[in-house]
Amino acid sequence: MSAESLKGYQWPESTVAVERGRVAMFAKAIGETDPIYFDVEAARAAGHPDLLAPPTFVFGLDLEHSDTLGVLEAHGVNLSGVLHGEQRFTYHRPVHAGDTLTLRAEFTDYFSKKNGALEFLVRRSELSSNGELVAEMESVSVIRNGAPS
């Protein structure tokens, strides 16, 4: 089955609270040393209302709130042939602990190469807060057809 049929698939909208402990734990896990990511007083001294979330933090939120691999598998895609191709972020404002974000995601584009041996699904996600666009993410899943099961 071609992954092309997934173009236009939308995940249910979800809302997530950005928790201080998760921001700090994520920052430490990726090796951040700047205290604005894990020390509230340092973040406030730097002009932030609370801990600043590292840029890739929202990718984790997106993964957690949308089961991309489950959707692919439910549509007949062999998961052993799926690769994460690329990821892009556009921020309209920083994300901080204490924010409540609404997440919307959709497969927005599809293309193939090598006579269908490689299929590419583009997934676009938007995070907003109180109707204000906070961040946009775009990721590409690469599906290698003919991958061993």
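An unreviewed UniProt entry lists the chain under the name Acyl dehydratase, with Mycolicibacterium elephantis DSM 44368 as the source organism.

A. Just the pattern of salt bridges, in detail. Tallying each qualifying case throughout the model produces 13 salt bridges. Note that Arg44 and Asp50 form a salt bridge whose closest N and O atoms lie 4.0 Å from each other. Accessibility expressed as a relative area gives 40% for Arg44, which makes it partly exposed. For Asp50, a relative accessible area of 9% puts it in the buried group. With a closest N to O distance of 3.5 Å, Glu126 and Arg124 form a salt bridge. Overall, Glu126 belongs to the partly exposed group, its relative accessible area being 29%. Overall, Arg124 belongs to the partly exposed group, its relative accessible area being 27%. Through salt bridges with shared partners, a single ionic network connects Arg20, Glu41, Arg44 and Asp50.

B. Fine view of the confidence of the model for the chain. Chain-level statistics for the chain give a pLDDT mean of 92 and a share of 97% at 70 or above. Here helix H3 (residues 57-65) stands out as the element of the chain with the lowest mean pLDDT, 88, in contrast to helix H2 (residues 40-45), whose mean of 98 is the highest.

C. Region of the structure containing the sheet that holds strand S4 (residues 118-129). Pairing within the open sheet is antiparallel, and its five strands lie in the order S1-S3-S4-S5-S2. Bordering the open sheet on either side are strand S1 (14-17) and strand S2 (82-91), each of which pairs with just one other strand. Averaged over all pairs of adjacent strands, the angle between their axes in this sheet comes to 25°, without regard to strand direction. Judged from the eleven bridges that link them, strand S3 (residues 100-113) and S4 form a sheet pairing that is antiparallel. If you follow Tyr110 over to S4, its bridge partner there is Leu121.

D. Focus on the packing of aromatic side chains. Summed over all chains, the structure comprises five aromatic pairs. On the numbers, 4.9 Å between centres and 85° between planes, the contact of Tyr9 with Trp11 is edge-to-face. For Trp11, a relative accessible area of 9% gives the class buried. Considering the side-chain rings of Phe26 and Phe57, the 5.5 Å spacing of their centres and the 85° angle between planes classify their relative orientation as edge-to-face. Highlighted residues: Phe26 in helix H1 (residues 20-29) and Phe57 in helix H3, separated in sequence by 31 residues. Given a relative accessible area of 22%, Phe26 falls into the partly exposed group. The rings of Tyr9, Trp11 and Phe107 are connected pair by pair, giving a single aromatic cluster. Positioned above the aromatic ring of Phe38 is the side chain of Lys28, whose terminal nitrogen or guanidinium carbon lies 5.1 Å from the ring centre. Directly above the aromatic system of Phe120 lies the positively charged group of Lys113, at a separation of 5.5 Å from the ring centroid.

About the thresholds
Residues numbered from 1 in each chain as written. Predicted model: local features only at pLDDT ≥ 70, side-chain atom pairs only at ≥ 80, totals over all residues. Heavy atoms only, no water. Salt bridge = Lys/Arg side-chain N within 4 Å of Asp/Glu carboxyl O. Buried < 20%, exposed > 50% of the residue type's maximum accessible area, 1.4 Å probe, protein only. pLDDT = per-residue confidence, 0-100. Helix = DSSP H or I, 4+ residues; strand = E, 2+ residues; numbered from the N terminus. Pairing = 2+ DSSP bridges. Axes fitted to C-alpha atoms, helices over the stretch in contact; angles between N-to-C directions. Phe/Tyr/Trp six-rings, centres within 6.5 Å; stacked < 30°, edge-to-face > 60°. Lys NZ or Arg CZ within 6 Å of the ring centre and 35° of its normal.

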